[in-house]
Amino acid sequence: MFTQAGIRALHGWTHERLDLLVGHADTLTSEQFVTKLPGFGMGSVRDQLVHILRCEQGWIGKLQYLSVKELEYEEYPTTKQIRETKARIMVETIAYLDQLSEAQLNTTLTRLPDDWGGPLQSPGFILHHILTHAFHHKGQIVAMFRLLGHPIGETDLQP
């Protein structure tokens, strides 16, 4: 069902789209970057970006039954720190993917990781979920840019 090549490609494309958002966040003032906007789960552009990375890092760590220190929003006052952390997390995700065979990628886990939400799934399913989760929040960030008076151009995979 899931392939390493497919997940790797989707992961790369997802992070390219996130790069557009991080780059556009540079057009915001430091105050706008952390401005809480009502109606969004993560209230600011900064918090949305960190949340995406926090979940990817956390879910990849949990898939390996590792204890991972959660990213703290306040540790990311600028996009510079987000870019650095994003690059590290991308490498960690691909390293995890590379250690799996296609069969392991598609085999349902036999035990739940600590603090796991939801039923047992395959690593491929969770990796796919990481990507759809990022796009969910990407859409929210695009709306936040508009509300902050800084609309962004096209951010879909294929305009």
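Here the structure is shown first, and the text comes after it.
All values reported here derive from a predicted model rather than from experimental measurement.

So, how was this worked out
- Residues numbered from 1 in each chain as written.
- Predicted model: local features only at pLDDT ≥ 70, side-chain atom pairs only at ≥ 80, totals over all residues.
- Heavy atoms only, no water.
- Helix = DSSP H or I, 4+ residues; strand = E, 2+ residues; numbered from the N terminus.
- Rg over C-alpha atoms; globule rule 2.2 N^0.38 Å.
- Buried < 20%, exposed > 50% of the residue type's maximum accessible area, 1.4 Å probe, protein only.
- Contact = heavy atoms within 4.5 Å.
- Areas by Shrake-Rupley, 256 points an atom, 1.4 Å probe, with all protein chains shown as cover.
- Lys, Arg positive; Asp, Glu negative; His and termini not counted.
- Charge placed at Lys NZ, Arg CZ, Asp CG, Glu CD.
- Axes fitted to C-alpha atoms, helices over the stretch in contact; angles between N-to-C directions.
- Parallel < 35°, antiparallel > 145°, perpendicular 65-115°, else oblique.
- Left-handed = near helix turned anticlockwise from the far one by under 90°.
- Nonpolar A, V, L, I, M, F, W, Y, C, P; charged D, E, K, R; others polar.
- Salt bridge = Lys/Arg side-chain N within 4 Å of Asp/Glu carboxyl O.
- Expected span 1.5 Å × (residues − 1).
- Core = buried A, V, L, I, M, F, W, Y, C linked by side-chain atoms within 4.5 Å.

A. View of the overall build of the protein chain. Helix and strand content of the protein chain: six helices and zero strands. Taking 159 residues into account, the globule formula puts the C-alpha radius of gyration at 15 Å, and the protein chain, at 16 Å, falls close to it. Oriented by its inertia axes, the alpha-carbon framework of the protein chain measures out at about 45 × 35 × 25 Å. Counting the 159 residues in the protein chain, one finds 45% classified as buried. In the protein chain, the proportion of contacts linking residues at least 24 apart, taken out of those at least 6 apart, comes to 70%. When the accessible surface of the protein chain is totalled, it reaches about 8,200 Å², and 57% of it is carbon and sulfur. Taking the average place of the 14 positive charges on the side chains of the protein chain and the average place of its 18 negative ones, the gap between the two points comes to 1 Å.

B. A look at the packing of helix α1 (residues 4–25) against helix α3 (residues 45–63). Relative to each other, α1 and α3 sit at 155°, their axes nearing to 11 Å. Between α1 and α3, the angle falls in the class roughly antiparallel. For the element pair α1 and α3, the recorded crossing hand is left-handed. Residues His11, His15, Leu18, Leu21, Val22 and Ala25 of α1 form the contact with α3, whose participating residues are Val45, Leu49, Ile52, Leu53 and Glu56. Residues that form the contact of α1 with α3 fall into these classes: eight nonpolar, two polar and one charged.

C. Highlighting the pattern of salt bridges. Tallying each qualifying case throughout the model produces 10 salt bridges. Lys36 serves as the salt-bridge partner of Asp47, at 2.4 Å between the closest nitrogen and oxygen. Note that Asp47 is positioned in helix α3 and Lys36 in the loop between α2 (30–33) and α3, a separation of 11 residues in sequence. As a salt-bridge pair, Asp156 and Lys138 come within 3.9 Å of each other at their nearest N and O atoms. Taken as a pair, Asp156 in the segment after α6 (123–147) and Lys138 in helix α6 lie far apart in primary sequence, 18 residues in all.

D. Representation of the environment of Gln48 within the structure. Relative to the elements of secondary structure, Gln48 occurs in helix α3. Gln48 sits 32 residues away from Glu16 along the chain, and the two C-alpha atoms are 16 Å apart. Apart from residues lying up to four places away in sequence, Gln48 is in contact with Phe40, Met42, His137, Gln140, Ile141 and Met144.

E. Examining α6 more closely. Over its 25 residues, α6 extends 36 Å from the first C-alpha to the last, a length consistent with the 36 Å expected when each residue adds 1.5 Å. Following α6 by one or two positions, Gly149 has its phi on the positive side, about 80°.

F. Spatial organisation of the environment of Gln140. Position of Gln140 among the secondary structure elements: in helix α6. In contact with Gln140, not counting residues within four places along its chain, are Phe40 and Gln48.

G. The nonpolar core, seen in detail. With 25 residues, the main nonpolar core has Leu21, Val45, Leu49, Ile82 and Phe145 as its most contacted residues. Taken together, the elements giving at least two residues each to this core come down to α1, α3, α4 (79–98) and α6. Once you skip the residues sitting within four places of it in the chain, Leu49 turns out to touch Leu21, Val22, Phe33, Ile82 and Ile141. In terms of nonpolar packing, the next biggest core, distinct from the first, is built from 13 residues, Ile7, Leu97, Leu109 and Leu127 among them.

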